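# Observations on the model geometry
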Amino acid sequence: MIASSKVSSVSAQASRTQAAVGQAVPRAARPSTRVVAIAPRQLPQTASPVATAATATAPSASLAAALKPKVIATVPAAQQKPTVIITGASSGLGLNAAKALAATGDWHVVMACRDFLKAENAAKALGIPAGTYSVLHLDLSSLESVRQFVVNFKATGRRLDALVCNAAIYRPTAKEPTFTADGFELSVGTNHLGHFLLANMLLDDLKNAPNGQPRCIIVGSITGNTNTLAGNVPPKANLGDLSGLASGVSTSSPMMDGLEFNGAKAYKDSKVACMMTVRQMHQRFHASTGVTFASLYPGCIAETGLFREHVPLFKTLFPPFQKYITKGYVSE
């Protein structure tokens, strides 16, 4: 359970997030996925390089054609296998979740990833059978990319039974903030705002899931929960009054709480926001849509690409520390 001081600001956080992504969250009585377009925020001149959807991670024309998902619009939804979308499925927890679900033979997995080739190679290397998955481009650091992903997914004609919002970035050693294409600090923009928009735009699809048990899962983190020992390791997560999310980007206050940038705290804050969002979405929409919204903490995965930007010594010592000292080792 999230600390009470955080729970008390859930509604305010949800409202600020809605405004930030330009997406009106549906009323519980009448879900809607209408998107209100917003112009990119004006970045300060001293801002770090902006992340964009049109990067080298986007597929080339030939690769995109080769990996273009098969349109199955002519197959009635009830006759299709249940479909799950997993973000960040080209590595780590997301990739192994994709493998586990595909291996059952009961699911079709849509791997929503920034890098087509990486996702395709990873699926083949892990032995995920061809035909049990498809790859669609999604860069969560761009709200326009999120919207385009939804358009592309709907064009396939696939049903949707589950959405797993798993992708995340973690920049604990960053000294300066990096901003998304829409002008938000990269961790909150990717881990929280991108997933917030994605979940809202796919809510009607989940509501109509033929299996009658639709789910939206957003991966949380114990590091953002100050009711735990791990959550009390500095810097502690704290969204404050959300003034940073309300006022937009500035070089002096890029964080959600409007304070000075800290890479590790930015990740923790984004995960708190994700967990608070799950609570609000279940409270607002479960009764009217039948969608179960949940968050999970998979354990502290000791060897994962999430730590790619951590210091080398940490990456070397953390796995044996988890195995032999804490006894809390968890694999991908």
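Because the structure is a prediction, the values reported are computed rather than measured.

### Quick word on the confidence of the model for the protein chain
- Taken residue by residue, the protein chain gives an average pLDDT of 79. The fraction at 70 or more is 69%.
- A low-confidence stretch, residues 1-8 (pLDDT under 50), is modelled with 19 contacts involving residues beyond four sequence positions or located in other chains.
- pLDDT under 50 marks residues 23-57. Its contacts with residues more than four places away, or in other chains, come to 88 contacts.

### Structural notes on the pairing of strand β5 (residues 215-219)
- In terms of residue burial, β5 counts as a mostly covered element, since four of its five residues are buried.
- Bridge count for β5 against strand β6 (residues 292-296) is five bridges, and the pairing is parallel. Paired with Val 219 across the strands is Leu 296, a residue of β6.

### Some thoughts on the packing of helix α7 (residues 186-201) against helix α10 (residues 263-289)
- Axis separation between α7 and α10 bottoms out at 7 Å; the angle between their running directions is 20 degrees. Classified by the angle between their axes, α7 and α10 sit roughly parallel to one another. By crossing handedness, the relation of α7 to α10 is classed as right-handed. Where α7 abuts α10, its residues Ser 187, Val 188, Asn 191, His 192, Phe 196, Ala 199 and Asn 200 lie against Ala 266, Tyr 267, Ser 270, Ala 273, Cys 274, Thr 277 and Met 281.
- Here the residues of the contact of α7 with α10 are counted per class, giving eight nonpolar, six polar and no charged.

Conventions we followed
Residue positions within a chain follow its written sequence, with the count starting from 1. pLDDT decides what is reported in this predicted model: residues at 70 or higher carry local features, side-chain atom pairs at 80 or more are listed and counted, and totals for whole chains, interfaces and linings draw on all residues regardless. As a rule here, side-chain values cover all heavy atoms of the structure and leave hydrogens and water aside. Scored from 0 to 100, pLDDT records how confident the predictor is in each individual residue. Pairs of residues are marked as contacts when any of their non-hydrogen atoms sit within 4.5 Å. Burial classes follow relative accessibility: with a 1.4 Å probe on protein chains only, a residue under 20% of its type's maximum area counts as buried, one over 50% as exposed, and anything between as partly exposed. Numbered from the N terminus, helices here are DSSP runs of H or I no shorter than four residues, and strands are runs of E no shorter than two. Only when DSSP finds a minimum of two bridges between them are two strands counted as paired. Working convention: axes come from line fits to C-alpha atoms, limited for helices to the stretch in contact. Angles between N-to-C directions cover 0 to 180 degrees. Here the angle decides the label: under 35 degrees means roughly parallel, over 145 means roughly antiparallel, 65 to 115 means roughly perpendicular, and every other value means oblique. In this scheme, a crossing is called left-handed if the near helix is turned counterclockwise away from the far one by less than a right angle; it is called right-handed if the turn is clockwise. The nonpolar class holds Ala, Val, Leu, Ile, Met, Phe, Trp, Tyr, Cys and Pro. Asp, Glu, Lys and Arg form the charged class, and all remaining residues, Gly among them, are polar.

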